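Inside the fold
These are the residues of each chain, in order.
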4 protein chains.
Amino acid sequence: MKKSVGIIGANGYTGSELVRLLAFHPNVELKFLFSRSNSGVKISDLYPDLESVCDLVLTNEISQTDILFLCLPHKASQNWLNENLISDDTLIIDLGNDFRLEGEFKNRNFIYGLPEIYFDELRNAKSIANPGCFATAIQLAMLPLAKENLLKDIYTTGITGSTGAGQSLQPTTHFTWRNDNVSAYKTLNHQHVDEILKQINSLNNQELELNFVPWRGNFARGIFTTSIISCDLELEKIYALYKDFYKDSSFVKISEKQIDMKQIVNTNFCVIQIEKQDNKIAVHSAIDNLLKGASGQAVQNMNIANGWEQNLGLNLKPLAF
Amino acid sequence: MKKSVGIIGANGYTGSELVRLLAFHPNVELKFLFSRSNSGVKISDLYPDLESVCDLVLTNEISQTDILFLCLPHKASQNWLNENLISDDTLIIDLGNDFRLEGEFKNRNFIYGLPEIYFDELRNAKSIANPGCFATAIQLAMLPLAKENLLKDIYTTGITGSTGAGQSLQPTTHFTWRNDNVSAYKTLNHQHVDEILKQINSLNNQELELNFVPWRGNFARGIFTTSIISCDLELEKIYALYKDFYKDSSFVKISEKQIDMKQIVNTNFCVIQIEKQDNKIAVHSAIDNLLKGASGQAVQNMNIANGWEQNLGLNLKPLAF
Amino acid sequence: MKKSVGIIGANGYTGSELVRLLAFHPNVELKFLFSRSNSGVKISDLYPDLESVCDLVLTNEISQTDILFLCLPHKASQNWLNENLISDDTLIIDLGNDFRLEGEFKNRNFIYGLPEIYFDELRNAKSIANPGCFATAIQLAMLPLAKENLLKDIYTTGITGSTGAGQSLQPTTHFTWRNDNVSAYKTLNHQHVDEILKQINSLNNQELELNFVPWRGNFARGIFTTSIISCDLELEKIYALYKDFYKDSSFVKISEKQIDMKQIVNTNFCVIQIEKQDNKIAVHSAIDNLLKGASGQAVQNMNIANGWEQNLGLNLKPLAF
Amino acid sequence: MKKSVGIIGANGYTGSELVRLLAFHPNVELKFLFSRSNSGVKISDLYPDLESVCDLVLTNEISQTDILFLCLPHKASQNWLNENLISDDTLIIDLGNDFRLEGEFKNRNFIYGLPEIYFDELRNAKSIANPGCFATAIQLAMLPLAKENLLKDIYTTGITGSTGAGQSLQPTTHFTWRNDNVSAYKTLNHQHVDEILKQINSLNNQELELNFVPWRGNFARGIFTTSIISCDLELEKIYALYKDFYKDSSFVKISEKQIDMKQIVNTNFCVIQIEKQDNKIAVHSAIDNLLKGASGQAVQNMNIANGWEQNLGLNLKPLAF
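Parameters and conventions
- Every chain's residues receive numbers from 1 upward, in the order its sequence appears when written.
- Lettering of chains starts at A and numbering of ligands starts at 1, both following the order in which they are written.
- At least 70 in pLDDT is required for a residue's local features to be given in this predicted model, at least 80 for side-chain atom pairs to be given and counted, and no such filter applies to totals for whole chains, interfaces and linings, which use all residues.
- Values reported for side chains reflect all heavy atoms of the structure, with hydrogen atoms and water molecules removed beforehand.
- Here a strand is any run of E in DSSP of at least two residues, a helix any run of H or I of at least four, and the numbering for each starts at the N terminus.
- Here's how the labels work: a residue is buried when its accessible area is under 20% of the maximum for its type, exposed when over 50%, partly exposed in between, all with a 1.4 Å probe on protein chains only.
- Exposure was quantified through the Shrake-Rupley algorithm and a 1.4 Å probe, taking into account, for residues, occlusion by the shown protein chains and nothing else.
- In these notes, a set of buried Ala, Val, Leu, Ile, Met, Phe, Trp, Tyr and Cys residues joined through side-chain atoms within 4.5 Å is what counts as a nonpolar core.
- It only takes one pair of heavy atoms within 4.5 Å for two residues to be counted as in contact.
- UniProt positions are given in the numbering used here, feature names are shortened, and annotations may be inferred rather than shown by experiment.
- For this overlay, a least-squares fit was computed on C-alpha atoms, restricted to residues scoring pLDDT of at least 70 in both copies.
- Take the accessible area each of two parts loses on contact, using a 1.4 Å probe, and add the two losses: that sum is the buried area.
- Whenever a carboxyl oxygen of Asp or Glu lies within 4 Å of a side-chain nitrogen of Lys or Arg, that contact is scored as a salt bridge.
- Counting of polar contacts relies on pairs of N or O atoms within 3.5 Å, with two restrictions inside protein: one atom must be capable of donating a hydrogen and the other of accepting it, and residues adjacent in sequence are counted only when both atoms are side-chain atoms.
- Residue polarity follows a fixed list, in which Ala, Val, Leu, Ile, Met, Phe, Trp, Tyr, Cys and Pro are nonpolar, Asp, Glu, Lys and Arg are charged, and the others, Gly among them, are polar.
- For every domain, the bounds stem from an assignment made automatically or drawn from a database.
- To be clear, the arc concerns the directions from the helix axis to the C-beta atoms.
- Between 30 and 60 degrees the pair is tilted, below 30 it is stacked and above 60 it is edge-to-face, where a pair is any two Phe, Tyr or Trp rings, Trp via its six-membered ring, whose centres lie within 6.5 Å.
- By the convention used here, strands pair only if DSSP detects at least 2 bridges between them.
- Lines are fitted to the C-alpha atoms to define the axes, a helix being fitted only along its stretch in contact, and any angle between axes, read from their N-to-C directions, falls within 0 to 180 degrees.

Here the focus is the overall build of chain A. Along its length, chain A carries 9 helices and 15 strands. If you line up chain A on its principal axes, its C-alpha atoms span 60 × 45 × 35 Å. Out of the 321 residues in chain A, the part that is buried amounts to 65%. When the accessible surface of chain A is totalled, it reaches about 10,700 Å², and 45% of it is carbon and sulfur.

Phe69 of chain A, Phe69 of chain B, Phe69 of chain C together with Phe69 of chain D are the most contacted members of the largest nonpolar core, which totals 235 residues. Contact partners of Phe69 of chain B, with chain neighbours within four places excluded, come to Val5, Gly6, Ile7, Ile8, Leu18, Leu22, Ile93, Leu95, Ala298 and Met302 of chain B.

The subject of this paragraph is the UniProt feature "domain: Semialdehyde dehydrogenase NAD-binding" (unreviewed entry) in chain A. Mapped onto this numbering, the UniProt entry annotates "domain: Semialdehyde dehydrogenase NAD-binding" (unreviewed entry) at residues 4-125 of chain A. Between the end C-alpha atoms of residues 4-125 of chain A the distance is 17 Å, and the span holds 25% helix and 21% strand.

Here we take up the relation of the copies chain B and chain D. Of the two same-sequence chains, chain B is brought onto chain D (RMSD 0.0 Å, axial shift 0.0 Å) by a rotation of 180 degrees. Here the copies are linked by what is in effect a two-fold axis. Relative to the rotation axis, the C-alpha of Phe175 of chain B is the closest in chain B, positioned 2.0 Å from it. Most of the interface of chain B is mirrored in chain D, where 100% of its interface residues are also at the interface.

Attention now moves to the UniProt feature "active site" (unreviewed entry) in chain A. Residues and elements named next belong to chain A. This chain's UniProt record puts "active site" (unreviewed entry) on Cys133. Take Cys133: it is sitting in helix 5 (residues 133-147). Taking the relative accessible area as the measure of exposure, Cys133 reaches 17% and is therefore buried. Excluding residues within four positions of it along the chain, Cys133 makes contact with His192, Ile223, Ile287, Asn289 and Gly293.

Contacts between the two partners involve 40 residues from chain A, matched on the other side by 40 residues from chain D. For the pairing of chain A and chain D, the buried interface totals around 3,500 Å² over both sides, and the portion due to carbon and sulfur atoms is 60%. Taken together, the links from chain A to chain D amount to 2 salt bridges. As a salt-bridge pair, Glu209 of chain D and Lys280 of chain A come within 2.6 Å of each other at their nearest N and O atoms. Across the contact surface, chain A and chain D share 26 residue pairs in polar contact (both at pLDDT 80 or more). A per-class count over the side of chain A that touches chain D returns 17 nonpolar, 16 polar and 7 charged.

Attention now goes to the relation of the copies chain A and chain D. The relation between the two chain copies is a rotation about an axis coupled with a shift along that axis. Its rotation angle being 180 degrees, the transformation that places chain A on chain D also includes 0.0 Å of axial translation and leaves an RMSD of 0.0 Å. The residues that chain A uses at the interface reappear at the interface of chain D in 100% of cases, marking a shared surface.

Our focus in this paragraph is the pattern of salt bridges. Tallied over the full model, the rule gives 48 salt bridges over all chains. Notably, a salt bridge pairs Lys317 of chain D with Glu17 of chain C, separated by 2.7 Å at the nearest N-O pair. Placement of the pair is Lys317 of chain D in the segment after helix 9 (295-305) and Glu17 of chain C in helix 1 (residues 13-22), with the two residues belonging to separate chains. For the pair shown, Lys317 of chain D and Glu17 of chain C are each scored as buried.

Turning next to the domain arrangement of chain A. All names here are of chain A. Looking at the assigned domains, one finds that chain A contains domain 1 (3-131 + 293-305) and domain 2 (133-287). A C-alpha centroid distance of 25 Å is found between domain 1 and domain 2. Each partner contributes residues to the interface: domain 1 has 18 residues there, and domain 2 has 23 residues. Across the domain 1 to domain 2 interface the summed buried area is about 1,700 Å²; carbon plus sulfur atoms make up 51%. In terms of surface lost to domain 2, no three residues of domain 1 exceed Tyr13, Leu101 and Glu116, which account for 34% of the buried area on that side. Taken together, the links from domain 1 to domain 2 amount to 11 residue pairs in polar contact (both at pLDDT 80 or more). Contributions of two or more residues to the side of domain 1 that touches domain 2 are made by helix 1 (13-22), helix 4 (115-122) and helix 9 (295-305). For the side of domain 1 that touches domain 2, the per-class residue count stands at 8 nonpolar, 7 polar and 3 charged.

So, about the interface of chain B and chain D. Accessible area lost on assembly of the parts is the figure often given for the size of an interface. In this assembly, 18 residues from chain B lie in contact with 18 residues from chain D. Buried surface at the junction of chain B and chain D, summed over both partners, amounts to about 1,400 Å²; 67% is from carbon and sulfur atoms. Seen at the junction of chain B and chain D, the total is 0 salt bridges. Its residues assigned to classes, the side of chain B that touches chain D comprises 6 nonpolar, 11 polar and 1 charged.

This part takes up helix 4 (residues 115-122) of chain C. Along an α-helix, residues three or four positions apart point the same way, because every turn accommodates 3.6 residues. Residue and element names in this part refer to chain C. All buried positions along helix 4 are accounted for by Pro115, Glu116 and Leu122. Projection of helix 4 onto a plane perpendicular to its axis shows the buried side chains occupying an angular sector of 65 degrees, all on one side. Tucked into the core, helix 4 has its buried residues touching strand 7 (111-112), strand 8 (127-129), helix 5 (133-147), helix 8 (235-245), strand 13 (252-255) and helix 9 (295-305). Taken from the residues just after helix 4, Asn124 is the one with a positive phi, measuring 70 degrees.

Moving on: unusual backbone geometry. Of note, Asn124 of chain B is a non-glycine position whose phi angle comes to about 70 degrees, a positive value. Among the structural elements, Asn124 of chain B can be located in the loop between helix 4 (115-122) and strand 8 (127-129). With a phi angle near 65 degrees, Asp180 of chain D is a residue other than glycine that sits in the positive phi range. Considering the arrangement of structural elements, one finds Asp180 of chain D in the loop between helix 6 (175-178) and strand 10 (183-184).

Another point: helix 3 (residues 76-83) of chain C. Residues and elements named next belong to chain C. Among the residues of helix 3, those classed as buried are Ser77, Trp80 and Leu81. Taken end-on, helix 3 shows its buried residues confined to a sector of 95 degrees, consistent with a single buried face. Close packing links the buried residues of helix 3 with strand 1 (3-8), strand 2 (28-34), strand 3 (67-70), strand 4 (91-94) and strand 5 (104-105).

This next bit is on the packing of aromatic side chains. What characterises a pair of aromatic rings is the spacing of the ring centres plus the angle enclosed by the ring planes. Using the criterion set out here, one finds 46 aromatic pairs over all chains in the structure. Ring centres 5.9 Å apart and planes at 85 degrees place the aromatic pair Tyr47 of chain C and Phe321 of chain D in the edge-to-face group. Linking Tyr47 of chain C in the loop between helix 2 (43-46) and strand 3 with Phe321 of chain D in the segment after helix 9, this pair reaches from one chain into another. An identical accessibility class is assigned to Tyr47 of chain C and Phe321 of chain D; each is buried. Ring pairs connect the aromatic residues Trp215 and Phe224 of chain A together with Trp215 and Phe224 of chain D, which therefore count as one cluster.

The strands that make up a sheet are held in pairs by hydrogen bonds between backbone atoms, and each pair lies either parallel or antiparallel. All names here are of chain D. The strand order across the open sheet built from 6 strands is 2-1-3-4-8-7, with neighbouring strands paired in parallel fashion. Both outer strands of the open sheet, strand 2 (28-34) and strand 7 (111-112), are each paired with one neighbouring strand and no more. Strand direction decides the pairing type here: strand 3 (residues 67-70) and strand 4 (residues 91-94), joined by 4 bridges, are parallel. Bridge pairing in strand 4 places Ile67 opposite Leu91. The strands touched by helix 3 (residues 76-83) within the sheet are strand 1 (3-8), strand 2, strand 3 and strand 4, with strand 3 carrying the most contacts at an inclination of about 140 degrees.

Written as structure tokens, this is what we have:
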């Protein structure tokens, strides 16, 4: 029997992307899509790609479900959980950043939803804090080194698509401005730095700096990052570490060939490549910010918490072109 | 038990797109991928998105399969079938244009693979000529009028993505040239015109002109067309005709709201909208040229010919953004 | 001595593009940039490309100048001229559509600013109605046929960049939506149709229909149009007509080779190509919507009205790539 | 009287961009355009934007000119100069990388053509080695710190347009591949690193590392770079250093507001912004790779060497949108 699902904030990018994934998921059934601002509107009127895929009407009333996804603006999840009574039996997966640094909230304990390090904790979890998009891409690129205590100070540049900025109309999401353009934002103080360092520093036994500069790219989907680190290990041993670390991971691919961002767009994969020159290595990683960076990873976490195959509903045809 | 599948010309865009679709299809198993030029190479080395999705090695030897897709350059399928012996029991689906105008070839009779008009003939067919991409988009936009004998001369402009031009490197597929650019090609003499007129004139009882100008667009996937026709019927009656004509079609959506091309990218859908001013109507249609315009429709035809649900393996997550 | 120039509505796309052109024009000096909404702000704070090119501060006070450009929303120019007293000696060039169909206003008579037909009237004109962007591209493609009374009903599709939609934030100018997308708008009822027909019907001695469907393209600058018309004349004779009609035009190029939109981006040129099949011709034309389609043509008109060389300040380096 | 100019390799991107610039330059006249592979072809047949701008025919014969630009593949300039006799009076500007690291060649001494440090040497120079595109963007971002001996190890990511890869057809310049894509190349070993370090280390009195990872961007023109460096100086003092260093530079703009790449596209400007967090600074810089990064800077150098105003022929209308 299918599990019932509700989505809070279904009218945004990550909420609607969950609808796209769950509409074809064999083990769940979408029961309600909650949106305060668009209550009464069909989700397919907001996102016409969903016509004949999901024709649910957005509602401002919640009902009890087996699984609940929160797709709210950052810092809004706590308020929402304070104002709404959710059964202790409901699996809550929060896609915001409310519980990533501090998981304790009321009688719940949110597990950080990066399956590549917390798979065991996520099995049977009832509360999951889904990681940030850049946080996912950068951590997956750094974890094998951190685990071996080989990480030093990190210098990272990342570029993200316009969906990372949400659906609100802003000067930096105007097509005329963004087309053929690149720019930096939140230079050296992006909110994901703390989220990344919390995990990395718990593995690595010395404190590190993460110098991270995010760029806005002129594409809609995808994240590409390059991190430069001092490292004396030979490249083939580094590759061996990475391959071993991810040997059981369904969605992390280690490549010895040149990677490009588009190879993972519209999939839940993360692809990682490492290059070395003298005593420096550069680790490249790429994800789809809305999938492995948000809604895809949320479904992966849902699968794990329910004891299902990780890739259930996530065998997505790559866009490729 | 799964049916076995071979793909001839698997190294091209439509061939590799078939691999993406069939890798997750529940009723078939990819048995071999044939390529003369890339024999011995892993398909995922050509298309890195396929890594861990399909790791078959391209081969220049064929073996007998239940189903065979031909993804060869136009006019190469006949030669290939002359040179290779294929069992009469094998379902052959040709994605080229060799058998679209004339289906009789040796002891086979290729059915034109547009399920919206030939569904019955496609059931149990052993030979299918898969339609062209523009031909699909324009026919689906015109068929309901043709059937009612309401079609007059047609004035159509269509725009297509760079995947329509194939993977060969050409001046007009160079990024520097094509980015932010639009241009026309094969003006008023595109090879799909005859293919379209053959079907339309068989329904409509007077001969029509199709004045079609295709444009090159600065995107990789998708086709958008607008056709202008004289028509005295009221708009709501026209919509009623279209909805009735497509009432059993899994993949054609009739929209009374403004459509846009991206709403169907990475899906097998065709979406159609009609607008009217005085005695003229404009019919807009959009498809993904590699899916409903090629490999997706080929899978749909395979499903029909095998008596399976049409949408098996075609419940694709829309790209949306 | 340089002529003084004021720009009303300098904070928009066409106003700022005028600043870019006039900052380097040898015969004029920018005296003031008027903007109600951004008064007190440096123009280069709104458009950082203008830093060190033009550092004027937007003002809400006007002063008398030799030349005045109105870059206001459509229908706002009449109000503005009713509320502000402008000397009869001032050359007024209106970039809106207030005076294109009816040039008489108070004691002024606006000349339609298409130099390819009204060059003589524009010399010494004091009031000029600058044509619309699509109107310029389509008229230039049709005028030589109209003059010879060879025009029949016209079927035109045009595609335009996002700058055509202005700088306001709208769902259809959101990068996430528009990137890789195409859609139609104002199907068969664009406001430029009347503007075009007024000019064409005054040359052609029978009434015509213009069936025009504009599309939104995923680029920022440029317009490309294709018009299909019945025409029995041989192609070489048609080309001869076009070359003769434009033999004295500085900015119209007739090409017998395939044209593409980007070849004229960032220039004031219009490029036209003609193709023929049976008794139908397709005329392609391309302009930069902000230059020959707006601000560039306004400068060309200013040059003509002052008796200067038409290309003064308009020898623009093409973007090319 | 105008100086005569010849361009060797005029059929490539940087050669044709020189044609675009020099066609409107008041002090020079294009005398010949040399191309071995396209001899006999009109330059405007290769680049249709040049039609009616420059209609010279490419030739494989050279004649003596006052000024000669070499726009050859890297390492081809030495061969060419060995095989062709050029008068000692001719100003030679080489856009390749043959003379950037070692300027002595035969009886000539190539001055490194970065006017922001070698302005005096470039006056009256007869041989100029024009800098690389990334080399220009990164040096301009680092020079003021180097001069004050404040530079430490540098961590730089840069992204470049497809014109940086030249006009040859390659898999990574295929539109289908590059559209919406990002990837790294020449990771930590780009050929410009030595060029940059040579200049920086001559100013800074300690040896530095430059860890540079270039990315391919999905746009045609432009370079954006971010460099992270340890620096204890307060931000306002850093800005003061930069503004002082560039106070006489015509084409370097120091911005305290967020910069974006497109603000300098189609201009000869470099724009630089600095941000600081704790003891790290990030310096962003942007140029048009074909202008300040190649042909524009070559014209600037030509102007300086002839004692003309630096911006002669370089007052280019920004693309802006």
